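# Breakdown of the fold
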Amino acid sequence: MAVIQCRYFSGYKPCGLNSICDENCTSQSKVQSRILLIHLGALGAVVRSTGLLKLIHKKHPQAHLTWVTQRPAHHLLTHNNLIDRVLTTENTDLLKLKSLKFDVAYVVDKSLEASGVLSFTHAQKIYGFIADPLTGAILPANSSAQELWQIGLNDDLKFYKNKKSELQLTIEALELSDKAIAEDYYLPLAASEQVEVAYRKSVWSGNGNRKILGINTGCSSVLPAKKLTVENHRELIKKFAERQDVQVVLLGVVEDRQRNLQIAEGLRVVQSDTQSGLRDGLISVAACDVIFTGDSLGMHMSISQQVSTVAWFGPSCAHEIDFFGRGEAILTTATCSPCWKRSCQKTVMCYDLLDLVDVQQRLNRRLSSCQILQTKKSSMLDLS
């Protein structure tokens, strides 16, 4: 007799862990609860929400977890052993969702789209945010979500008074934990991806003779002021390009290709592949020793892969990001920062007021720390 409550049971064929689906299967894993997590976007925020996964499973032991997101964010969630099913907002996936019921739904997005996704299924308990069916206004689904909801409605709270990271606020809103330090991101690489990380690290570092400084040049088009100008990037790269112990690698996604070519012209830099998708970009990030970036997907990828990170902030709020002791924020000196404005007509922009000498010094300290760590590791291997 098949064990219907096994997390791998599909009902129409063996799961692949055993050729016969019955109660004698040694790979069976019984499910105690069905959990739905809705976080559609943006890409960096989806990466950040992987910090919820361990806490969800701690609160719901033996849970089966379904995560609904938007394309292409679903690529970031593959190979994650804490997620049983990834669905998107495509029609075929919403039809699948319509056939399912859940014990608990966690809705991270404050959006009509997320509430619309929720309407395709049924959950006994909802945490996070829902939409008023008459007005479309976003409301907290539970009392603990009030703080995060209020912060979104008050610029003074969001920009200045709040000191909690966005991940910590989300954890508290979903009633996953009330501890002071948020759970780390959880975005594992597949074994084949780890092999590729080692290969790129070896090639870019000259078989370990150089430290790899990754510079993530892009950001979402929603807040274009989160990225430096081509000229500022070139000025920063020149401070490292002549060093024989450092290799600069330009990072980015498809839309950054032409801009990276402009940044790299005439400079000794490596251009990472920006055309092969999000997972390939994640591999390139993981191959770096230190990364400089704006508040972007690249920053969240760097945090997720535990790479030493220096991130600069202009229009967005630095205090919303938790580096878990592996990074630091550097702020523009613009007096109007943060603002979260999608466009700005100022003659001197916040990215123009970033102290590149300060950036260089911070990156140098982190590159030196990486060298020390590598030396210690080598010494330990020698002793063994």
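Small disclaimer: the values here were computed from a predicted structure and weren't measured.

Reading the values: the criteria
Numbering of residues starts from 1 in every chain and runs along the sequence as written. Under the rules for a predicted model, residues below a pLDDT of 70 receive no local features and side-chain atom pairs below 80 are neither given nor counted, while totals for whole chains, interfaces and linings still include all residues. Computation of side-chain values: all heavy atoms of the structure, hydrogens and water removed. pLDDT is defined as a per-residue confidence score from the predictor, taking values between 0 and 100. We call two residues contacting when some pair of their heavy atoms lies within 4.5 Å. Numbering goes from the N terminus for both helices and strands, where a helix is a DSSP run of H or I of at least four residues and a strand is a run of E of at least two. Each residue is placed in one exposure class: buried if its accessible area under a 1.4 Å probe, protein chains only, is under 20% of its type's maximum, exposed if it is over 50%, and partly exposed if it falls in between. Two strands form a pair only when DSSP identifies at least two bridges running between them. Here the axes come from fitting lines to C-alpha atoms, over the contacting stretch only for helices, and the angles between their N-to-C directions go from 0 to 180 degrees. With strands facing away from the observer, any crossover in which the path from the first strand over the helix to the second runs clockwise is taken as right-handed.

### Concerning the confidence of the model for the protein chain
Overall, the prediction assigns the protein chain a mean pLDDT of 89, with 92% of residues at 70 or greater. Taken together, the stretch residues 372–384 has pLDDT below 50 and engages in two contacts with residues farther than four places along the chain or on a different chain.

### Overview of the environment of Val-197
Relative to the elements of secondary structure, Val-197 occurs in helix H8 (residues 191–204). With relative accessibility at 11%, the residue Val-197 sits in the buried group. Counting along the chain gives 100 residues from Val-197 to Leu-297, while the straight-line C-alpha distance between them is 19 Å. For Val-197, the contacting residues outside a window of four places in its chain are Leu-189, Ile-283, Ala-286 and Ala-287.

### Structural notes on the sheet that holds strand E4 (residues 101–107)
With mixed pairing, six strands are arranged side by side in an open sheet as E3-E2-E1-E4-E5-E6. The open sheet has two edge strands, strand E3 (85–87) and strand E6 (138–140), and neither has a second partner. Here the strands of the sheet are splayed against their neighbours by 30° on average, with no regard to which way each runs. Sheet topology note: the strand E1 (residues 33–38)/strand E2 (residues 63–68) ladder contains six bridges and is parallel. Within the sheet, the bridge partner assigned to Arg-34 lies in E2 and is His-64. Contacts from helix H3 (residues 91–98) reach E1, E2, E3 and E4 within the one sheet, and its direction differs from that of E3 by about 130°.

### Structural notes on the pairing of strand E10 (residues 290–294)
The element E10 is extensively covered by neighbouring structure, given that five of its five residues are classed as buried. Side chains Val-290, Phe-292 and Gly-294 project from E10 onto one buried face, and the interleaved Ile-291 and Thr-293 project onto a second face that is buried too. Pairing of strand E7 (residues 211–216) with E10, which is carried by three bridges, proceeds in the parallel orientation. Within the sheet, the bridge partner assigned to Gly-214 lies in E10 and is Ile-291. Strand direction decides the pairing type here: E10 and strand E11 (residues 308–313), joined by five bridges, are parallel. Looking at E11, one finds that Val-290 is bridged to Ser-308. Once you follow E10 into helix H12 (residues 297–304) and on to E11, the crossover reads as right-handed.

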